[in-house]
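Close look at the chain arrangement
Below, each chain spelled out in residue letters.
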Amino acid sequence: PPSPAQGRSIGVLHCSQRPKARVLFLHGLAGSGGLCLQLLRMTGWVEPLTSGKATLFSGAEWACPDGPLQTKARAEESTYAALSRRGLYDATKPQHSWGLFRLLGVPE
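Each chain carries its own residue numbering, running from 1 in the written order of its sequence. Two thresholds apply to this predicted model, a pLDDT of at least 70 for residue-level local features and 80 or more for giving and counting side-chain atom pairs, whereas whole-chain, interface and lining totals are computed over all residues. For the side-chain quantities, the full set of heavy atoms in the structure was used; hydrogens and water were omitted.

Brief notes about the side chain of Ser 97
Basically, it comes down to this: The secondary structure listing takes helices from DSSP runs of H or I that are at least 4 residues long and strands from runs of E that are at least 2 residues long, numbered from the N terminus. Each residue is assigned to one of three classes by its accessible area relative to the maximum for its type, calculated with a 1.4 Å probe on protein chains only: buried under 20%, partly exposed between the two thresholds, exposed over 50%. In protein, a polar contact requires one atom able to donate a hydrogen and another able to accept it; more generally it is a pair of N or O atoms within 3.5 Å, and residues adjacent in sequence count only if both atoms are side-chain atoms.
Examined against the element boundaries, Ser 97 turns out to sit in strand S4 (residues 95-97). What makes Ser 97 buried here is its relative accessible area of 2%. Of note is the side chain of Ser 97, whose polar atom sits 3.0 Å from the backbone nitrogen of Gly 99.

Take a look at the structure:
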């Protein structure tokens, strides 16, 4: 017996390359989108590593927006202290927050 698809054409979309990935990355408390993107670049997440090996995120479009709320800088905390010493974290300017701690009732 003939198959059900016999005599029918089936349209198939062929992509010559995979679609560009989009990555939304939210910074932590008292950070900023700019700092986050800079650290992602420094650690090889945004561009391929110098070894030339492609990663899952090679060529991806990254979005690192600032949180909507302002909060005080936290240069005394270990991570930010190290970044501050290297001139990467400006403790004289207000930083950003997403307000998640406020939603949980924890003071920022």
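Additional details are given in the paragraphs that follow.
Observations concerning a nonpolar patch on the surface
We count it as follows: In this analysis, a patch consists of residues with relative accessible area above 30% that form no salt bridge, clustered at 9 Å for like charges and at 5 Å for the nonpolar side chains Val, Leu, Ile, Met, Phe, Trp and Tyr. Accessible surface area values rest on a Shrake-Rupley calculation with a 1.4 Å probe, where residue burial reflects the displayed protein chains alone. Salt bridge, as applied in this entry: a Lys or Arg side-chain nitrogen positioned within 4 Å of an Asp or Glu carboxyl oxygen.
A grouping of Leu 100, Phe 101, Leu 103, Leu 104 and Val 106 is seen on the molecular surface, where their side chains present a nonpolar patch of about 550 Å² in accessible area. Looking at the element boundaries, Leu 104 is found in the segment after helix H3 (100-103). Residue classification places Leu 104 among the exposed residues on the basis of a relative accessible area of 68%.

Considerations on the packing of aromatic side chains
Rule in force here: What counts as a ring pair is set by centres within 6.5 Å for rings of Phe, Tyr and Trp (its six-membered ring), and what kind of pair is set by the plane angle: stacked under 30 degrees, edge-to-face over 60, tilted for all other angles.
Counting across every chain of the model gives two aromatic pairs. Each ring, one from Phe 25 and one from Trp 62, has its centre 6.3 Å from the other, and the planes form 50 degrees; the classification is tilted. Here Trp 62 lies in strand S2 (residues 61-63) and Phe 25 lies in the loop between strand S1 (22-24) and helix H1 (33-42), a separation of 37 residues in the sequence. With a centroid separation of 4.3 Å and an interplanar angle of 20 degrees, the aromatic rings of Tyr 80 and Tyr 89 are classed as stacked.

With respect to the pattern of salt bridges
With the rule as written, the count across this model stands at three salt bridges. Of the charged contacts, one joins Asp 90 and Lys 93 as a salt bridge, the two residues approaching to 4.0 Å between their closest N and O atoms. With a relative accessible area of 32%, Asp 90 lands in the partly exposed category.

Section: the layout of surface pockets
Summary: where empty space remains is shown by rolling a probe the size of a single water molecule over the atoms. As a reminder, the rule being used: A pocket, in this scheme, is an open set of points on a 1 Å grid over the protein atoms alone with protein on both sides within 12 Å along at least 5 of 7 lines, while a cavity is a set where a 1.4 Å probe fits but cannot get out; residues line either one if an atom lies within 4 Å of a point. Grid points are joined across faces, edges and corners, and a volume is the space filled by probe spheres set on the points. Residues are grouped as follows: Ala, Val, Leu, Ile, Met, Phe, Trp, Tyr, Cys and Pro are nonpolar; Asp, Glu, Lys and Arg are charged; all remaining types, including Gly, are polar.
Reported here for the largest pocket is a volume of approximately 150 Å³. Forming the walls of the largest pocket are Phe 25, His 27, Gly 28, Gly 31, Ser 32, Leu 35, Cys 36, Leu 39, Thr 79, Tyr 80 and Leu 83. For the lining of the largest pocket, the secondary-structure elements that each account for two or more residues are H1 and helix H2 (78-85). Its residues assigned to classes, the lining of the largest pocket comprises six nonpolar, five polar and no charged.

Let's talk about the confidence of the model for the protein chain
Which entries qualify depends on this criterion: What pLDDT expresses is the predictor's confidence in each residue, scored from 0 to 100.
Averaged over every residue, the pLDDT of the protein chain is 80; residues scoring 70 or more account for 74%. Here H3 is the element of the protein chain with the lowest mean pLDDT, 78, and S4 is the one with the highest, 93.

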